[in-house]
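# Remarks on the overall topology
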Amino acid sequence: MKITTFNPQIITKDAASLEKLFGELGFETRHDQKGIGEHNVEAIRMKDGNGFYLDISMPEFQLDKDIVGIRMNVDDFDAAYKLLTEQGFRNIYGNNTADTKTSKSAVMIAPSGFVINLIQHIKD
């Protein structure tokens, strides 16, 4: 398994205000994808002039508070998922994943509470 992307991610109930805040800090929105998976997630990808990336995600379900984690893209989702679950991580989607035509993902929570959004981009 190879990690292909690794950057901070904020899972929130108010993506618009965070997009505005980080825009004022010099980040530009690269893309904004809506309607991802069964939880109808909005995913905003931002990048600043130094090449740093930030992802902001807003699921349809209610959150008590924002969650800060790591977006980690890998080339082998199943191997990474197995490794994380063997270390005690749990998938907030149960046994499901959030799938699009181009990606597969699961938000994984460590026993200590930190979050990794595990993603594999599907290439034809």
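Note: the structure precedes this text.
Notes on the structure follow.

### A closer look at the side chain of Ser 105
Along the polypeptide, Ser 105 turns up in strand 8 (residues 103–109). Leaving out residues up to four positions away in the same chain, Ser 105 has contacts with Phe 77, Tyr 93, Thr 97, Ala 98, Asp 99, Asn 117, Leu 118 and Ile 119.

### Points about a nonpolar patch on the surface
Together, Met 1, Ile 3 and Phe 6 make up a nonpolar patch on the protein surface, roughly 330 Å² of accessible area in all. Mapped onto the secondary structure, Met 1 falls in the segment before strand 1 (3–11). Assessed through its relative accessible area of 52%, Met 1 is described here as exposed.

### Considering the pattern of salt bridges
What the rule picks out here adds up to 5 salt bridges. Here Lys 104 ties to Asp 78 by a salt bridge, and the two come within 3.5 Å at their closest N and O atoms. Highlighted residues: Lys 104 in strand 8 and Asp 78 in helix 2 (residues 77–86), separated in sequence by 26 residues. Assessed through its relative accessible area of 51%, Asp 78 is described here as exposed. In this structure, a network of salt bridges that share partners links the residues Arg 45, Asp 55 and Arg 71.

### As for the environment of Gln 120
Mapped onto the secondary structure, Gln 120 falls in strand 9 (residues 115–121). Each C-alpha atom of the pair Gln 120 and Val 74 lies 5.2 Å from the other, and the pair is 46 residues apart in sequence. Excluding residues within four positions of it along the chain, Gln 120 makes contact with Val 74, Asp 75, Asp 76, Phe 77, Thr 102, Ser 103 and Lys 104. Within the local environment of Gln 120, its side chain forms a polar contact with the backbone nitrogen of Phe 77, the two atoms lying 2.8 Å apart.

### Focus on the pairing of strand 4 (residues 53–58)
Pairing of strand 1 with strand 4, which is carried by 3 bridges, proceeds in the parallel orientation. Within strand 4, the residue paired with Gln 9 across the bridge is Asp 55. Here strand 3 (residues 41–47) runs beside strand 4; their pairing, made up of 6 bridges, is antiparallel. Note on strand 4: the bridge partner recorded for Lys 47 is Tyr 53. In this structure, the hairpin formed by strand 3 and strand 4 is closed by a connection of 5 residues, where Gly 51 is found at a positive phi of approximately 90°.

### Quick look at the nonpolar core
Membership of the largest hydrophobic core is limited to 12 residues, which are Met 72, Val 74, Phe 77, Ala 80, Tyr 81, Leu 84, Phe 89, Ala 106, Met 108, Ala 110, Ile 116 and Leu 118. Mapped by element, the contributors of at least two residues to this core are strand 5 (67–74), helix 2, strand 8 and strand 9. Examining the composition of this core, we find that 4 residues originate from one element, helix 2, more than from any other. Ile 36, Val 41, Tyr 93 and Val 115 belong to the second largest nonpolar core, which has 10 residues in total.

### Thoughts on the packing of aromatic side chains
All told, the structure shown has 3 aromatic pairs when counted by the stated rule. Between Phe 22 and Phe 27, the aromatic rings sit 5.8 Å apart at their centres with planes inclined by 85°, giving edge-to-face as the arrangement. Summarising the burial analysis for this pair, Phe 22 and Phe 27 share the class buried. Both rings, one in Phe 77 and one in Tyr 81, keep their centres 5.7 Å apart while their planes meet at 25°; by these two values the pair is stacked. You can see Phe 77 and its partner Tyr 81 sitting in helix 2, 4 residues apart, about one turn around the helix. Judged on exposure class, the residue Phe 77 and its partner Tyr 81 are both buried.

What counts as what
- Residues numbered from 1 in each chain as written.
- Predicted model: local features only at pLDDT ≥ 70, side-chain atom pairs only at ≥ 80, totals over all residues.
- Heavy atoms only, no water.
- Helix = DSSP H or I, 4+ residues; strand = E, 2+ residues; numbered from the N terminus.
- Contact = heavy atoms within 4.5 Å.
- Patch = residues over 30% accessible without salt bridge, like charges linked within 9 Å, V, L, I, M, F, W, Y side chains within 5 Å.
- Areas by Shrake-Rupley, 256 points an atom, 1.4 Å probe, with all protein chains shown as cover.
- Salt bridge = Lys/Arg side-chain N within 4 Å of Asp/Glu carboxyl O.
- Buried < 20%, exposed > 50% of the residue type's maximum accessible area, 1.4 Å probe, protein only.
- Polar contact = N/O pair within 3.5 Å; in protein donor to acceptor, adjacent residues only side chain to side chain.
- Pairing = 2+ DSSP bridges.
- Core = buried A, V, L, I, M, F, W, Y, C linked by side-chain atoms within 4.5 Å.
- Phe/Tyr/Trp six-rings, centres within 6.5 Å; stacked < 30°, edge-to-face > 60°.

That is the geometry; function is a separate question.
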